[in-house]
Amino acid sequence: MKRQMLAICSSVLLLGAAAYAQDRGNVHELHPTPATVHHGFYDASLKPVLTIASGDTVKLWTATGNPRYFESLGVPKDKIPPELYAAFEGVQDNGRGDHTLDGPIYVTGAEPGDTLEIRIISVDLWLPIAAQSFRPHRGVLPEDFPYAKDRVLWIDLNKRMIEYAPGVVVPAKPFWGDIGVAPPPEMGRVVSGPPNINGGNMDNHDLGAGSTLYLPVHVPGALLSVSDGHAAQGDGEVALSAVETSLKGEIQVILHKKQRILWPRAETPTHYMTMGFDEDLNQAAKIATREMLNFIVETKGLSREDAYMLMSATMDLVVTQAVDGVKGIHALLPKAIFQK
């Protein structure tokens, strides 16, 4: 029975990128407004703002940058995009609002024990304003920075570049840092900062356009939400913040009935990906490695011993992020090593 379950879990990972050309179903639009976002948490009791069918496509615009935050840093009101004033209408604090989540999106027919496939068809820059910060005693070097710093950054949308400092130019590589479904109801309301079994704030820059994310379904409808636009971020996100900005893009959502996975998985055009999250970075590495080991054994026909050694020869363990309490590791296995 255990072996059969692993085979079901592993097979999901093979269903993604090759099918991108298929029909995209009905196309929906989801803009960030006070009625279509929730701030900083996942909760199985949230009411959906959009209902879709398996195979449908959603065009998304996600807002990062509370106007009160930018105003507090001295940005004139006429320089702050009006789209942000609309998205953050009614928000009283002056936090930046990185996790202003579009959703939740209800996927018809999704039930616990299913898997949701999210194909990231496109993700791109939307607004030119961005910001970055660190906070006291946070990040990878908390003892070095016992104070806070914020800065506003401006993105050249045409050149897709951020002039970081004189002579320092950072190319944009946009992706959504926070993509998740509702957690199991018994977990209650969970903050969106740390990633978990429901996905969430994975901060994984490999989940850009052309990638496919797989999430386990824990509640009816799955209740998918998306936010945390990043224009650029290095693996580890060492200072706590990426270049946080507003993004736009398209996702296609496909439901796989009775195909259960335990942790988020993904694939890019070139790599298979498994993930592990834990407060202990070593445990996160174990989870990601064991997930990949199970995948190889069940889909490629190798023994566990040979698969383990193959991973040592070809697989990369990457520190996704190390600053949100729960650490993230993702394992990358090149597809090209498999000739059939």
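Keep in mind that what you see is a predicted model, and the values were worked out from it rather than measured.

### Observations concerning the packing of aromatic side chains
Per the counting criterion, the structure on display carries 7 aromatic pairs. When the ring of Phe134 is compared with that of Tyr147, the centres are 5.6 Å apart and the planes differ by 65°; the resulting orientation is edge-to-face. In this pair, Phe134 is assigned in strand 7 (residues 115-134) and Tyr147 in the loop between strand 7 and strand 8 (149-156), connecting sequence segments 13 residues apart. Here the aromatic rings of Trp263 and Phe277 are separated by 6.4 Å at their centres, their planes lie at 55°, and the arrangement is tilted. Of the two residues, Trp263 sits in the loop between strand 16 (243-256) and strand 17 (265-267) while Phe277 sits in strand 18 (residues 271-278), which places them 14 residues apart along the sequence. Phe277 matches Trp263 in its accessibility class, with the two residues each being buried. When the ring centre of Tyr164 is taken as reference, the NZ or CZ atom of Arg151 above it lies at 4.6 Å. Taking NZ or CZ as reference, Arg189 lies 3.7 Å from the ring centre of Phe41, over its face.

### Considerations on the nonpolar core
Nonpolar side chains tend toward joint burial in soluble globular proteins. Membership of the largest hydrophobic core comes to 45 residues, with the highest contact counts inside it found for Leu116, Trp176, Leu213, Leu224 and Ile251. Among the elements that line this core, the one with the most residues is strand 7, at 6 residues. With residues near it in sequence (within four places) discarded, Leu224 still touches Asp102, Gly103, Pro104, Ile105, Leu116, Ile118, Ile179, Gly180, Val181, Leu215, Ile251 and Val253. Core analysis: the next-biggest nonpolar cluster, separate from the first, contains 16 residues, Tyr272, Met292, Ile329 and Leu333 among them.

### Structural notes on helix 4 (residues 281-300)
Here helix 4 spans 28 Å end to end across 20 residues, near enough to the 28 Å set by a 1.5 Å rise per residue. All buried positions along helix 4 are accounted for by Ala284, Ala285, Ile287, Ala288, Thr289, Glu291, Met292, Leu293, Asn294, Phe295, Ile296 and Val297. For helix 4, the N-terminal cap is Asp280; the gap from its side-chain oxygen to the backbone nitrogen of Asn282 is 2.8 Å. Downstream of helix 4 by a residue or two, Gly301 has a phi angle that is positive, lying close to 75°.

### Some thoughts on the pairing of strand 16
Across the 14 residues of strand 16, 13 count as buried, placing the element largely inside the fold. Here strand 5 (residues 57-62) runs beside strand 16; their pairing, made up of 6 bridges, is antiparallel. Within strand 16, the position partnered with Trp61 by the bridge is Lys248. In this sheet, strand 16 lies alongside strand 7 in antiparallel orientation, the contact comprising 12 bridges. In the sheet register, Arg119 faces strand 16, and the bridge partner there is Gln252.

### Some details on the confidence of the model for the protein
Per-residue confidence for the protein averages 93 on the pLDDT scale, and 94% of its residues sit at or above 70. Ignoring residues within four places in sequence, the model shows residues 1-11, a span with pLDDT below 50, making 19 contacts including any to other chains. In the predicted structure, residues 14-19 sits below a pLDDT of 50 and forms 20 contacts with residues beyond four places in sequence or in another chain.

### Some details on the pattern of salt bridges
Enumeration according to the criterion identifies 9 salt bridges in this entry. Across the pair Glu267 and Lys335 runs a salt bridge, and its minimum N-O distance is 2.7 Å. Residue Glu267 is found in strand 17, and its partner Lys335 is found in the segment after strand 20 (327-334); the two are separated by 68 residues along the sequence. The same class applies to Glu267 and to Lys335, which are both buried.

What counts and what doesn't
Residues numbered from 1 in each chain as written. Predicted model: local features only at pLDDT ≥ 70, side-chain atom pairs only at ≥ 80, totals over all residues. Heavy atoms only, no water. Phe/Tyr/Trp six-rings, centres within 6.5 Å; stacked < 30°, edge-to-face > 60°. Helix = DSSP H or I, 4+ residues; strand = E, 2+ residues; numbered from the N terminus. Buried < 20%, exposed > 50% of the residue type's maximum accessible area, 1.4 Å probe, protein only. Lys NZ or Arg CZ within 6 Å of the ring centre and 35° of its normal. Core = buried A, V, L, I, M, F, W, Y, C linked by side-chain atoms within 4.5 Å. Contact = heavy atoms within 4.5 Å. Expected span 1.5 Å × (residues − 1). Polar contact = N/O pair within 3.5 Å; in protein donor to acceptor, adjacent residues only side chain to side chain. Pairing = 2+ DSSP bridges. pLDDT = per-residue confidence, 0-100. Salt bridge = Lys/Arg side-chain N within 4 Å of Asp/Glu carboxyl O.

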